[in-house]
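Take a look at the letters that make up each chain.
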Amino acid sequence: MGFVIEGELTLFSQVPRYISGAPDLGYHYDALDYTVASMVVKGGTITVQPGTAIGFRNDHIENFWSLGGFQLSGNSTFISKGTPNSPNTFASVLFVQEGPFLFPRTVFWDFYGIDYHMLAFAPNLWELDKAPPKMDFRFSNFYLPTEDYQFWSGFSWELGYGWSPDSSMDWRMQDCNLHGGHITIGYSDFGRGYSITPPGSLFWANNLFDRLNIRLDPNYYAYPGGLNIDFKFAVNNNLFRGGRMVVNSRETSTGELWAFGDNLFDKVAFEYQSDGPPPLNHDYNGYWERTSSELEPWQMSRLAVNNDDGGTDAVNDMVLSSAPAYQTSTFGNYYLPTSSPLHKAGSRSPAEAGLYHYTTRTDQTKEGDETGNVSIGLHYVAASNGFPKDSDSGGGDGIPDYVEDANGNGQFDSNETDPTLAMTDGVTPDAYSTVYDDIDLSGNGLVGRIKRALNLNPLDANNPLTLLQITTGEEPDFATFEIPVSYDRVTNAGTLNLNMNGIDVTLEECTRATNGNCLLSFNVAFDPLGQHYLSAGFRYGSDPGTEHPVTLSMGKLLPFYSSNSVQFFESGSMFDDSGAYVDAKLFAADADYQIDLYDTSTTPPTLIKTITNSTSNGFIEENWDGMLADGVTPFTNSEVQAVFTVAYANTPGNVSTNKPKKILTRAKGSLSEWGPNMDVVYFYTPTNDALKTAYAKNGAIWNGLQGMVDALIKPNLGYGVYQSYFNRYLPDIHGEYPGYMTRRSRLTNDPASLPSVIETLLPDMTNGLTKQIYIRGHGTNSWIGNYDDDAYITASDVSSRLKNTYTKTNGLMTQNPYRFVWLDGCATASGKDWRRAFGIYPIGKGAQEQAARNKTGAQAYVGWADIHAGWLGFSENSTAAINIAKGYTQTLANFYSMWMNGRPLKECLDVASVSASGRTPLAVPENKNVTVFGTGYSYSYTNISTSKIYIVGFQGLTVNGVNTGVTPAKKYIAPSNVE
C-alpha cells in the first residue's frame, strides 16, 4: 500500500510556468506539480485546484508494482475543478519523462468501493456505515497510453480479473477531455457478483472521450433477480470519438433506464454481452458510423434499437452522411459549423441542458442566444478575447457568465447573481455577494466567507495559507512555521490548524508572530517518523453564534521530514497517586530505552527516577508507581517530565539524540471508571409563542427533559446513581431544574453573585466530582449554545476551566479528564476541540495501540459530524414542533434509562436511532426519510438533514464499567481528524 490520505488534502499548482519573458535555452519538459503512485484515499477528501498537473507513475511497493494512481475507498471524495483557461491535467509520466519504465501500465483512479458482507442470494447485506466513493470533475484533461486505464472498478473482461470489490460510486464529470486508455465500470469481483452492493450513479455531461475503450457493466446477471447494484446512469452532450463502448445495463430499482441523449458518436464500435442488447433510453444522438469493414462481426455501429423497454428509441437520431466538419477555436478542436446537421438538433433547449452560455460555433455565439434546441455533441464555454464571456453592463465584473448563472438555464435565479449586472443588488459588487459564501471564485482554495474573514479580494488567485518554516532554537522537539495572515483576523473568525498528510497534527499551537502574522508550532514527538506533507488549514465559524461549519480551506503542501525517534500518545499525559503509564510507539520492533523522570518544580528540573528496559514489539509500556528512586517516597508535586532515549537494535550507535520529552500532570478528582456526578444542559431560543411556553417551566419540553434528568439522578435504582449540583430532581425549595440555559451568566458567573439556590455550570463542571455531561444546542466544532448568542459555552471555556490544555511551554496537560460526554449539537465532532477540552482520548486503531493506556480508565465522547435536523427546534407549525420536540425528549429519556440500567453506549445509540411511538429518532443517515408518530399524530418527512454520530473512545462504555464484548460499529468510528 502506498501513501494513505484520511483527511483533507488540497493540491495546488506548485511548479512555476513561463508566463512572460524569454525562455531558458535548451530542452523543456511539461510541468508536473505532483506525481502519484498508489495514493489510497480512505474516507478523506482530495481537492485539486485549477491549473494543477498531476502525473501517474508506477513504483515497486512491498514486492509489488503499484498499478493505481488514486485508489478511492468508502466515504472518500475526489474533486477536480479547473476552469476553461486553467484546466487540471492528469497524465502518465510516460508522456512527460524519459524511461526506462519497467512496468508501464497505469490506472488513474480505481475504486475499493465500500465494505460489505456477502452471502450468496441474500439481499441488503452491505453495511450502511460507508457511502460509495464520490468523484466530481470539471474542466479536467486526462492523457493515457492506449493500454492503460483512466478509471477502473470491479471486474475487467480485458484482463480477466478485478481490481476492486465492486463498482459502487457516485461519479459526475462535465466539460472534461479524456484521451486514450480504458474506462471499466465492471461488476463486483467479490463473489463474482453474488452480492448486494450499495447504489451508485454516473452522470457525464459535455465531455470529450477521444479514442477510449469504455466498458459499462456494473451488474452481474447471474444474480437471482438480475439486479445486484442499483446504478443510475445519464450521458448527455458528449463527443465519443473512436474507440469502442460495451454497454450492459439493467434498470434501476425504480425501473429507470440508463439514458443516452444528444451525444455524438464518431466512429464508435458498440458491443453487448451474449444475452443481447440491454434496454436503454436513447434518442437524439448523432452518429458518424463505422463501415462494416471497420467492425468486428459482434460489433454494431450504433446503439441498438430496443422496443421491449416500454419506450421508442432512436427515432430522432441523426446519422451523418459525411464526417463531422470539426473546427478549431478558443478552447478546443471540435467546434462545428452552423451548416452541420447536428446544429440545434438536440432533444431539449439549451437552458434545459444547462448549456445556455456554451457554444459549438467559432464565432462564439451562445447556444441560448439562438432559437431552437441544443446542438448535438460537445460544447465549449462561449468566449471573448480568449476568456469566458463576462457580459455585465459597464464592463465585466470578473465573474464569467457561466459561473454567475450556475445552473446554465439563462435566467437569474435566487441563488445566483445576474450575468448582465456588475452589482445585482445595485449596491454590492457581485464578487462580494453572499451567494458566493461557499464558492471559490478565484481557484485559490478559499470560499467567499473565508476570503471575507481574512480580508481578501474574492477574485485574488493567491492563497495566503502558505507555510514558511522558521528556526526558533526549539528544534528538534518542535517545528514552527509562519503563515502570512493576520493573527487577529484568524482568531476572530475561526481557527488555524497545521495538517500532516491531510490530518491535523496531534499537538499544535497557533500564536502571534512579532509582525502580527500567525505562527503554527507542533510537537513532533506525537506524530510519526518519516516523510510527510504539511499544509495550513483554516476553519471558519468557530466563534459563538455561527452554526456553519465550513469544510477546511487548505494551503499549499510543504514537504517535511520528521526524524522523531518515538511517538507519544495523548492518553499518556496524566498521573495520579498510583503513578502513570509511560508509553510510546517506536519505529522498529527491537530497541533498548531509558526513561528519565524529572520534577519540573525546580530549576533546573530534578531527576527523580530512571527506568531502563528493552522491547521486541516496537512499543514501550512502562508503569511508574509514583515513587521516587528509593521506591518508598511518594512523589507529591503536580508535574513530571519524561525524557526518552532510544537505541534501536541492529543499528550500531543509533541512539536517539533528540531525546523526546513529554509532560505528565497530576489529574484532579477520581481517575476510576466511576465518576459520581453528571450535568445536563440544553440551549434553545424559541421563535414562536407556543414553543416559548413549551420551553418555560412546566412546559412540554421542560418537563420532557426533566424526565431525562430524573432518569439520571432520581434515586430509584439498586446501586449508586449520578448526583448533580447543577440540575435538580427533588421538588424542594430549589425546585426541579432540567438544565435550560437562557443566558451566558448562568454558565460562567461565580455562585456568590447569584441567588444561593442557583449553581452555575462551569464551577460545577470543575469540582472534580462531575465526570459526565450532556449538552444540547446549536453547535460547531468548538461552540454550542443558542441562536441568539446570549447563552453558549465554548471548547476554550471548558479547556481552560478543566485545565485540559496544550501549550508549547507546558505541554499537554490533563488535570480533569471526563469519562462520558455527549454534545448533542451540529458538528460537535467535526474536529478535536471538544473531546480534547474534556480530556477524552482515542484508544488506538490497532490492537497493539491499545497500549496507549489511560489512567482514567474507559472514556467516550459522542458528537455529531455535521449539520443535521434539530428536533428540539424543528421548523414546523406549532403543534407539530411541540410533538416532535416532546418525542425527542422521550428518546433522550429512554437513552439514559438504558444507560443507567447498564446497557453499553453503542446499544443506547442504536435504539435511539429507531423510530418508535412517542419518540423522535436521532437524525442519523438511516433516518433521512422518517416518520415521527405518537398518540394522535403522525408526520412523515423526506430528505431531512442528517449526520453521522461519532464515538471517540469505547463503544462498549457502560454507566459503571465497560463491556469489552461489544464489537465496535464502523458507523460510529470517528475519522482521524476527530480522533
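The structure contained in this document is the topic of the report that follows. Bear in mind the structure is a predicted one, so any value in this text is a computation, not a measurement.

Overview of the overall build of the chain
Point 1. Along the backbone of the chain there are 12 helices and 69 strands.
Point 2. Relative to its full complement of 979 residues, the chain shows a buried share of 56%.
Point 3. Considering only intrachain contacts with a sequence separation of at least 6, the fraction spanning at least 24 residues in the chain is 70%.
Point 4. Roughly 38300 Å² of accessible area belongs to the chain as shown, and the carbon and sulfur atoms make up 51% of that amount.

As for empty space enclosed by the protein
Point 1. Counted under the stated rule, the structure contains 3 cavities of 30 Å³ or more.
Point 2. Each pocket or cavity is described by its volume, and for the largest cavity that value is around 40 Å³.
Point 3. Along the walls of the largest cavity sit F209, R211, L212, I214, F240, R241, G242, R244, M245 and V268, which together make up its complete lining.
Point 4. Elements that contribute at least two residues to the lining of the largest cavity include exactly β25 (239-241) and β26 (244-247).
Point 5. Residues belonging to the lining of the largest cavity are distributed by class as follows: 6 nonpolar, 1 polar and 3 charged.

Some remarks on the sheet that holds strand β44 (residues 517-523)
Paired through their backbone hydrogen bonds, the strands of a sheet run either parallel or antiparallel.
Point 1. Read across the sheet, 4 strands follow the order β39-β40-β44-β43 without closing on themselves; strand pairing throughout is antiparallel. Each having just a single partner strand, β39 (468-470) and β43 (508-512) make up the two edges of the open sheet. Taking the axes of each pair of neighbouring strands and ignoring which way they run, one obtains an average angle of 30° across the sheet.
Point 2. One ladder, built from 5 bridges, connects β43 with β44; its direction is antiparallel. The partner of E509 across the bridge, within β44, is S521.

Looking at the environment of L456
Point 1. Checked against the element boundaries, L456 lands in the loop between α3 (448-453) and β39.
Point 2. For the pair formed by L456 and L446, sequence separation is 10 residues and the distance between their alpha carbons is 9.6 Å.
Point 3. Not counting residues within four places of it along the chain, the set of residues in contact with L456 comprises L446, K451 and P464.

Observations regarding the packing of aromatic side chains
Point 1. Under the criterion given, the structure shown has 50 aromatic pairs.
Point 2. Measuring from centroid to centroid gives 5.7 Å for F137 and F151, while their planes differ by 75°, and the two rings are edge-to-face. Highlighted residues: F137 in strand β13 (residues 134-138) and F151 in strand β15 (residues 149-153), separated in sequence by 14 residues. F151 shares its class with F137; the two are buried.
Point 3. Aromatic side chains F568 and F644 sit 4.8 Å apart centroid to centroid with 55° between the ring planes, which places their arrangement in the tilted category. Highlighted residues: F568 in the loop between β47 (558-562) and β48 (574-575) and F644 in strand β53 (residues 639-648), separated in sequence by 76 residues. Comparing F568 with F644, the two get one shared label, buried.
Point 4. Cation over ring: R302 sits above Y287, and NZ or CZ is 5.1 Å from the ring centre.

Things to note about helix α12 (residues 905-912)
Because an α-helix packs 3.6 residues into every turn, residues spaced three or four apart end up facing the same way.
Point 1. Every buried residue belonging to α12 is among L905, K906, C908, L909 and A912, and all of these are buried. All buried residues of α12 fall inside an arc of 165° around its axis, so they share one side.
Point 2. Residues of α12 that are buried sit in contact with β63 (820-824), β64 (860-864), α11 (878-900), β67 (949-953) and β68 (957-958).

Some thoughts on the packing of helix α6 (residues 700-713) against α11
The angle between the axes and the distance between the axes are what describe a pair of packed helices.
Point 1. At their nearest, the axes of α6 and α11 sit 8 Å apart, and the two run at 5° to each other. Taken together, the axes of α6 and α11 are roughly parallel relative to one another. Here A700, I701, G704, L705, G707, M708, A711 and L712 of α6 lie close against α11, whose contacting residues are I882, A885, K886, T889, L892, A893, Y896, S897, W899 and M900.
Point 2. Within the contact of α6 with α11, the residues separate by chemical class into 13 nonpolar, 4 polar and 1 charged.

Re the packing of α11 against α12
Point 1. The interhelical angle for the contact between α11 and α12, taken along N-to-C directions, is 155°, at an axis separation of 9 Å. Viewed along their axes, α11 and α12 adopt a mutual orientation that is roughly antiparallel. α12 is crossed by α11, and the crossing has right-handed handedness. Seen from α11, the contacting residues are T891, N894, F895, M898 and W899; seen from α12, they are L905, E907, C908, L909, V911 and A912.
Point 2. In terms of residue class, the contact of α11 with α12 is made up of 8 nonpolar, 2 polar and 1 charged.

Examining the pairing of β64
Point 1. Within β64, 5 of the 5 residues are buried, which leaves the element mostly enclosed by the surrounding structure.
Point 2. Relative to β64, β63 runs parallel, the two sharing 4 bridges. Counted as the bridge partner of W822 is V862 from β64.
Point 3. Pairing between β64 and β67: 5 bridges, direction antiparallel.

Things to note about the pattern of salt bridges
Point 1. Going through the model one piece at a time under the given rule, you end up with 30 salt bridges.
Point 2. A salt bridge links D401 to K366; the nearest nitrogen and oxygen atoms lie 2.8 Å apart. Linking D401 in helix α2 (residues 401-404) with K366 in the loop between β35 (358-359) and β36 (380-381), this pair joins segments that are 35 residues apart in sequence. Across this residue pair, the class does not change: D401 and K366 are buried.
Point 3. Salt bridges sharing partners connect three or more residues here, namely D437, D438, R449 and R452.

A few points about the nonpolar core
One recurring pattern in soluble globular proteins: nonpolar side chains tend to sit buried together.
Point 1. Judged by nonpolar contacts, the single largest core of 92 residues is most densely connected at I793, F820, W822, F838, Y896, W899 and L909.
Point 2. Every residue in contact with F838, bar those within four places of it in the chain, is listed here: M765, I773, V798, L802, N804, N816, P817, Y818, V821 and L823.
Point 3. Ranked by size, the runner-up nonpolar core spans 51 residues in total, among them M39, W171, I183 and L202.

Structural notes on the sheet that holds β53
Point 1. Pairing is mixed across the open sheet formed by 5 strands, whose spatial order is β48-β54-β53-β50-β51. Two strands close off the open sheet at either side, each with one partner strand: β48 and β51 (606-615).
Point 2. With 9 bridges joining them, strand β50 (residues 591-599) and β51 adopt antiparallel strand pairing. Counterpart to D596 in the pairing with β51 is T610.

Thoughts on the environment of N883
Point 1. Along the polypeptide, N883 turns up in helix α11.
Point 2. As a C-alpha pair, N883 and T935 span 52 residues in sequence and 9.8 Å in three-dimensional space.
Point 3. N883 has contacts with T920, Y937 and Y939, leaving out every residue within four places of it along the chain.

Calculation notes
Residues numbered from 1 in each chain as written. Predicted model: local features only at pLDDT ≥ 70, side-chain atom pairs only at ≥ 80, totals over all residues. Heavy atoms only, no water. Helix = DSSP H or I, 4+ residues; strand = E, 2+ residues; numbered from the N terminus. Buried < 20%, exposed > 50% of the residue type's maximum accessible area, 1.4 Å probe, protein only. Contact = heavy atoms within 4.5 Å. Areas by Shrake-Rupley, 256 points an atom, 1.4 Å probe, with all protein chains shown as cover. 1 Å grid on protein atoms, 1.4 Å probe; cavity = no way out; pocket = protein on both sides within 12 Å on 5 of 7 lines; lining within 4 Å. Points joined across faces, edges and corners; volume = space filled by probe spheres on them. Nonpolar A, V, L, I, M, F, W, Y, C, P; charged D, E, K, R; others polar. Pairing = 2+ DSSP bridges. Axes fitted to C-alpha atoms, helices over the stretch in contact; angles between N-to-C directions. Phe/Tyr/Trp six-rings, centres within 6.5 Å; stacked < 30°, edge-to-face > 60°. Lys NZ or Arg CZ within 6 Å of the ring centre and 35° of its normal. Arc of directions from axis to C-beta. Parallel < 35°, antiparallel > 145°, perpendicular 65-115°, else oblique. Left-handed = near helix turned anticlockwise from the far one by under 90°. Salt bridge = Lys/Arg side-chain N within 4 Å of Asp/Glu carboxyl O. Core = buried A, V, L, I, M, F, W, Y, C linked by side-chain atoms within 4.5 Å.

In short, geometric facts, not functional conclusions.
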